[in-house]
Amino acid sequence: MIGEIVDLSHDGRGIVKENGVYFLDGGLIGDKVEYVVTNEKKKQGRITKIIEKSKYRIESPCLYSDECGGCPLIELDYKKELEWKKSRVENAIRRIGKIDKKVEPIVENKNPFRYRNIVQLKVQDGKIGYFKKGTHEVLDIDDCKIAPEEIKDVIKILKNWNGLSSIEQAIIRVNYQGEMMVILGTRTGVKKENNLLEKLLDLKVISVYEDINRTRNHYGYELREIYKSKQMYEKIGKHKFIVEPGTFLQVNPYQVENLYNLAVKGLELEKTDRVMDLYSGIGTISLKMAEQVESVVAVESFEGSVEIARKNAGLNGIENVEFAHGKVEELTEELEKYTVNKVLLDPPRAGAKEEALKTIIKLNPERIAYVSCNPSTLARDLQILGEKYKIEKIIPVDMFSHSSHVECIALIQRVKS
């Protein structure tokens, strides 16, 4: 069939509508394409020929973009990418949230390449890279355009290491000083690690870990320290944060400062404020707010993150933060005992549970800043908060350039006491 791609799906696939709605990998808005349907039930298709290229299509700067699915929008003009991401937020707010609210201009990423501070590479049959689109076959790479230059040297060393077959993945973290942490995922244990260490230590690798993981693809379940010369830290604004192998941090350290500044500014903090930070992680936003208010209560479900958050408060000389461990939706009675007048929440992609939102409503804060990485769940949650609050602003932020993901901030004001 032949059709023109008129939109993109939430995961960055092109959408055609002439002969029914179909989703096509590799298509961009404005492309006229020939395609075949590969799965009628899922409405999936495959482009066999681009008849006429979109005026928004640019030459890819990446050698692997034809096969790698990591950056589906890398051939889309960046201005058009930003425009589409803003419209994606607008559509979610209107269709899912049933909210008629103008969305603010998207905050551009001034560094749309080399911005990721962590990559998770798969290892298979001597190849290192990412899975090819729609498969579990590893695409061999030497570089990744959205990761720091430093990872290229680590990849090269791993490829020449005679113990490579003993691992299934390699996670590389790079901090603000260009120092690196390497985590080697294995089911059987890392073999010939000394041969690898002597090469890695010629780079700015300050720690190496083995992660024995026999059943899952994630990491951080059975860690062993192979080498560590010093503690890794990341810096956001003027604050330093401890980085351990399982620590969650925003992947874009350049843009995260803009994101946090907008969220905190939107709360209109004053020295007498008492703030609650929900889904607080290792305290990245809690510590920023603490310097401007009377007190902060930070709530996080992962105990390891709470422990690191407490250390981060000490590291930065901040004492007016109380850290609480537990799931927000399960701490209803405990949280209702606090007197707070402002709330910030930054939940995972699934959004906040309804019980958590009801708890926020009972706390009755005058202002809320909601940081979201999923416009669909944000829209759903704003509808629940709408029984007592009005939305002042929705600000999209491009944290993940060349992917279909978009971060956004909703600034919310109480209308009923």
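Residues numbered from 1 in each chain as written. Predicted model: local features only at pLDDT ≥ 70, side-chain atom pairs only at ≥ 80, totals over all residues. Heavy atoms only, no water.

## Some thoughts on the nonpolar core
Counting residues in each nonpolar core, the largest one holds 81 residues, and the members touching the most others are Leu158, Leu184 and Met289. Here leucine 184 is in contact with Leu158, Trp161, Ile167, Gln169, Ala170, Val190, Leu196, Val208, Tyr209, Glu210 and Asp211, once residues within four sequence places are set aside. Formed by 40 residues, the second largest nonpolar core is a distinct cluster that contains Ile361, Leu363, Ile384 and Ile394. (Core = buried A, V, L, I, M, F, W, Y, C linked by side-chain atoms within 4.5 Å. Buried < 20%, exposed > 50% of the residue type's maximum accessible area, 1.4 Å probe, protein only. Contact = heavy atoms within 4.5 Å.)

## Let's talk about the sheet that holds strand β8 (residues 138–140)
Overall, mixed pairing links the seven strands, which are arranged β8-β7-β6-β9-β10-β11-β12 in an open sheet. Where the open sheet ends on each side, the last strands, each with one partner, are β8 and β12 (223–228). The sheet shows a mean angle of 30 degrees between the axes of neighbouring strands, taken without regard to direction. As paired elements, strand β10 (residues 180–186) and strand β11 (residues 205–212) share seven bridges and run parallel to each other. Within β11, the position partnered with valine 182 by the bridge is valine 208. Packing of helix α3 (residues 193–200) onto the sheet brings it into contact with β10, β11 and β12, and relative to β12 it is tilted by some 45 degrees. (Pairing = 2+ DSSP bridges. Helix = DSSP H or I, 4+ residues; strand = E, 2+ residues; numbered from the N terminus. Axes fitted to C-alpha atoms, helices over the stretch in contact; angles between N-to-C directions.)

## Comments concerning the packing of aromatic side chains
Across all of its chains, the model carries one aromatic pair by this definition. Ring centres 6.2 Å apart and planes at 50 degrees place the aromatic pair tyrosine 22 and tyrosine 35 in the tilted group. Taken together, the residues span a long stretch of sequence, with tyrosine 22 in strand β3 (residues 22–24) and tyrosine 35 in strand β4 (residues 32–39) at a distance of 13 residues. Taken individually, tyrosine 22 and tyrosine 35 each receive the classification buried, so the pair is uniform in this respect. Residue placement shows lysine 80 over the ring face of tyrosine 56; its charged tip is 4.4 Å from the ring centre. (Phe/Tyr/Trp six-rings, centres within 6.5 Å; stacked < 30°, edge-to-face > 60°. Lys NZ or Arg CZ within 6 Å of the ring centre and 35° of its normal.)

## Digging into empty space enclosed by the protein
Under the defined criterion, the tally for this structure stands at two cavities of 30 Å³ or more. In terms of residue class, the lining of the largest cavity is built from four nonpolar, two polar and two charged. Volume-wise, the second largest cavity comes out at about 30 Å³. The residue inventory of the lining of the second largest cavity, partitioned by class, reads four nonpolar, two polar and two charged. (1 Å grid on protein atoms, 1.4 Å probe; cavity = no way out; pocket = protein on both sides within 12 Å on 5 of 7 lines; lining within 4 Å. Points joined across faces, edges and corners; volume = space filled by probe spheres on them. Nonpolar A, V, L, I, M, F, W, Y, C, P; charged D, E, K, R; others polar.)

## Points about unusual backbone geometry
Even without being glycine, lysine 43 reaches a positive phi, approximately 60 degrees. In this structure, lysine 43 sits in the loop between β4 and β5 (44–52). The class for lysine 43 is partly exposed, based on a relative accessible area of 30%. We note that lysine 98 has phi near 55 degrees; this positive angle belongs to a residue other than glycine.

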